[in-house]
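One-letter residues, chain by chain:
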Amino acid sequence: MSAGSNLRSADQFLCSICLDVFTDPVSTPCGHNYCKTCITHHWDDNVLYKCPMCQETFNTRPQLKVNTLFREMVSEFRREAQQKSSSSSSEQQAAEPGGVPCDVCTGTRLKALKSCLVCLLSYCETHLEPHLTMSGLKRHQLVEPVENLEDRICTKHDKPLELFCKTDQTCVCMLCPVLDHKTHEFVPLREEYEGKKAELQKTDAEIQQMIQKRRLKIQEIRESLKISNDAADREKAEGVQVFTDLKESVERRLKEFMKEMEDKQKTAEKQAEDFIKDLEQEICELKKRSSEVEQLSRSEDHLHLLQRFSSLEDAPPTKNWTEVRVHPPSHEETVVRAVDQLEKNLTEKIKKLHAEVELRRIQQFEADVTLDPDTANPWLILSDDGKQVYLGDVEKNLPDNPERFSPCPCVLGKQSFSSGRFYFEVQVKGKTEWTLGVARESINRKGKITLSPQNGYWTVWLRNGNEYEAINDPSVLLHPSSPPEKLGVFVDYEEGLISFHDVDAAALLYSFTRCSFREKLHPFFSPEPNDGGENSAPLIICPVNQAV
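Procedures and definitions
- Residues numbered from 1 in each chain as written.
- Predicted model: local features only at pLDDT ≥ 70, side-chain atom pairs only at ≥ 80, totals over all residues.
- Heavy atoms only, no water.
- Salt bridge = Lys/Arg side-chain N within 4 Å of Asp/Glu carboxyl O.
- Helix = DSSP H or I, 4+ residues; strand = E, 2+ residues; numbered from the N terminus.
- Core = buried A, V, L, I, M, F, W, Y, C linked by side-chain atoms within 4.5 Å.
- Buried < 20%, exposed > 50% of the residue type's maximum accessible area, 1.4 Å probe, protein only.
- Contact = heavy atoms within 4.5 Å.
- Pairing = 2+ DSSP bridges.
- Axes fitted to C-alpha atoms, helices over the stretch in contact; angles between N-to-C directions.
- 1 Å grid on protein atoms, 1.4 Å probe; cavity = no way out; pocket = protein on both sides within 12 Å on 5 of 7 lines; lining within 4 Å.
- Points joined across faces, edges and corners; volume = space filled by probe spheres on them.
- Nonpolar A, V, L, I, M, F, W, Y, C, P; charged D, E, K, R; others polar.
- Expected span 1.5 Å × (residues − 1).
- Polar contact = N/O pair within 3.5 Å; in protein donor to acceptor, adjacent residues only side chain to side chain.

**Q** It is not clear to me how the pattern of salt bridges should be interpreted in this structure. Could you clarify?
**A** As a working rule, side chains carrying opposite charge can pair if their charged atoms are close by. What the rule picks out here adds up to 22 salt bridges. A salt bridge links E194 to R190, with the shortest nitrogen-to-oxygen separation between them at 3.7 Å. With a gap of four residues between them, E194 and R190 both fall in helix α7 (residues 189–297), about one helical turn apart. Here the salt bridges do not stand alone but share partners, grouping K166, E192 and K196 into one network.

**Q** Which parts of the structure should I look at to understand the nonpolar core?
**A** For soluble globular proteins, nonpolar side chains are generally found buried alongside one another. Ranked by size, the top nonpolar core spans 37 residues in total, and within it W434, I498 and F525 carry the most contacts. Setting aside chain neighbours within four positions, we find W434 in contact with V428, V460, W461, L462, R463, Y468, L487, S526, P527, E528 and L539. Core analysis: the next-biggest nonpolar cluster, separate from the first, contains 18 residues, F13, L14, F22 and C35 among them.

**Q** In this structure, what is going on with the sheet that holds strand β1 (residues 25–27)? I would like to understand it.
**A** Spatially, three strands are ordered β2-β1-β5 in an open sheet, and the strand pairing comes out antiparallel. Two strands bound the open sheet, and with one partner strand each, they are β2 (33–35) and β5 (65–66). Bridge count between β1 and β5: two bridges; the pairing is antiparallel. Paired with S27 across the two strands is K65, which belongs to β5. Contacts from helix α2 (residues 36–44) reach β1 and β2, with the element oriented near 90° to β2.

**Q** Help me understand the layout of surface pockets, please; the structure alone is not making it clear to me.
**A** Size it by volume and the second largest pocket reaches roughly 390 Å³. Lining the second largest pocket, in full, are L117, Q141, V143, R152, L161, E162, C171, L189, R190, E192 and Y193. Top element by residues in the lining of the second largest pocket is α7. It accounts for four residues. Of the residues in the lining of the second largest pocket, the class split is six nonpolar, one polar and four charged.

**Q** Just checking my understanding: could you explain the sheet that holds strand β11 (residues 186–188) for this structure?
**A** Backbone-to-backbone hydrogen bonds pair the strands of a sheet. The strands run either parallel or antiparallel. Within the open sheet, the three strands sit side by side as β10-β9-β11. Their pairing is antiparallel. Looking at strand neighbours, the two that pair on one side only are β10 (170–172) and β11, the edges of this open sheet. Direction aside, neighbouring strands of the sheet carry axes that sit 35° apart on average. Where strand β9 (residues 163–165) meets β11, three bridges bridge the pair, whose relative direction is antiparallel. Residue pairing across strands places L163 opposite P188, the latter belonging to β11. Across the face of the sheet, α7 comes into contact with β9, β10 and β11 while running at roughly 85° to β11.

**Q** What should I look at first to understand the pairing of strand β20 (residues 486–492) in this one?
**A** Working note: regular strand, side chains alternate between the two faces of the sheet. Most of β20 sits inside the fold, with seven of its seven residues counted as buried. Pairing of strand β15 (residues 421–427) with β20 involves seven bridges; the strand directions are antiparallel. Pairing of R421 across the sheet is with D492, part of β20. Pairing geometry for β20 and strand β21 (residues 497–502), over six bridges, is antiparallel. Looking across to β21, one finds that L487 is bridged to D502. A loop of four residues connects β20 with β21, the two strands running antiparallel in sequence, and G496 in this loop sits at a positive phi of about 65°.

**Q** Can you walk me through α7 in this structure?
**A** Each turn of an α-helix holds 3.6 residues, which means side chains three or four residues apart point in the same direction. Across its 109 residues, α7 extends 154 Å between first and last C-alpha, which sits within 8% of the 162 Å expected from 1.5 Å per residue. Buried residues of α7: E192, E238, V242, L246, S249, R253, F257, M261, A268, F275, E282 and L296, and no others.

**Q** Before we go on, may I ask you to explain the side chain of T435 in this structure?
**A** Tracing the backbone shows T435 in strand β16 (residues 434–440). Under the relative-accessibility criterion, T435 is labelled buried at 1%. Only 3.2 Å separates the side chain of T435 from the side chain of R463, close enough to count as a polar contact. There is a polar contact of 2.7 Å between the side chain of T435 and the side chain of E528.

**Q** Would you mind going over the environment of D180 with me for this structure?
**A** Mapping D180 onto the fold places it in the loop between α6 (176–179) and β11. Here D180 falls in the partly exposed class, since its relative accessible area comes to 35%. Between the C-alpha atom of D180 and that of F275, which follows or precedes it by 95 residues, the distance is 132 Å. Beyond its immediate sequence surroundings of up to four residues, D180 is in contact with K156 and H157.

The structure is reproduced here in structure tokens:
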């Protein structure tokens, strides 16, 4: 008999009541076979004695007899199935720890391929075969191998959980809607599964997005840390240089002080030595005269004594040393003067250092400023990138829109600022006149313009090549140590502060303070007239270089 015929005839060895292979098969008077226990229990629970297959009714309970031939056929079928199971079990994998084992295997439990929600058992490849080949078992619901199959059965009705109650948000069996959830909303498990799966996918996408954002934030923090570390290294290097300069300045002043003290000391020593030398010389002369006086006084020759006495009286006079003093130099004055000079040098250096630190701080608020052609006076020439402006020789034919300056040679920055801080730098090198600053958006742009904070202008200008002035009420003359070649403009909107800086010298030129801003501010530029070519250099908006 072929394997195919064996598979096709396997249904004959299943009891139609338990749907399993016959155990002690018996035959009814109508000729159908059942497990002895199955048919006995079936008739015990029913008043009428019917055949479950053909529904033939018997007036009295039939006497059941074992079908000897059929029992032998069932035994042969079991032996063949067991032999086949034994031969194939060696080719199948044993259940791994954490895996789902076959519930039918004895000895080594093989890995389950499917679980049956009707039988509440998991089957390996061999023991699954009846569910794949026998018509009665094919109706059973097979799923991927799972443990705890009891959890998939309704505890109230002993039926598989096949529906989802949306009202109670729980899984139910087919009887639950009829008995316990009559007015509730139900959907098949698969439909709810698909919905929940979509939600999980959406949640996972959101989680992945959150992960990505956090990775970007980590990258941002690392980049910020690198910038911070680089800035710290730069500040440390600059700090070392500053303190080295201060140390060298102190050491230089110390050397100068010590030299001055030594020079004074040497002068005093030289003076004392000269006095001593003169005194010693006079002592020698006096000793010589004393000897001559003593000799003459011992002479007994009257004539000789009288002749020599007059020569002794003519001896050169000695110096009067009564008022002669060696005056020590005033070292206290030298120390005070040296300390004062040192303090002055240190103060200047510290002041310059503060200015450099402040400039580096405000340079961090650099804004990318470009010139707005819609506001530019028709005589002005703007570069294509909007970073340069100078006065041309020909007036361009441009629409006289309300935003445009006329006739003053001015232009605004395209960017406006109504909060926070911003900073920009402008090269003014080679110019003899210019005006720079910021202006309110609502300023008058037509006719004569009077620059002042009251009119919405906060500016600094250069006139006649060397006259620097902050246009305030009243205006303030400025005295930079050298002509600025690059000007920095800083605005703190909330603090009401506008400050102007000489970038190369890292020096503050002027600050407008306690300003009250209530509208947008724009950078303001005027290259001023060319003055016969003397002032033809452009104003150039420069990128900030923080290596001050």
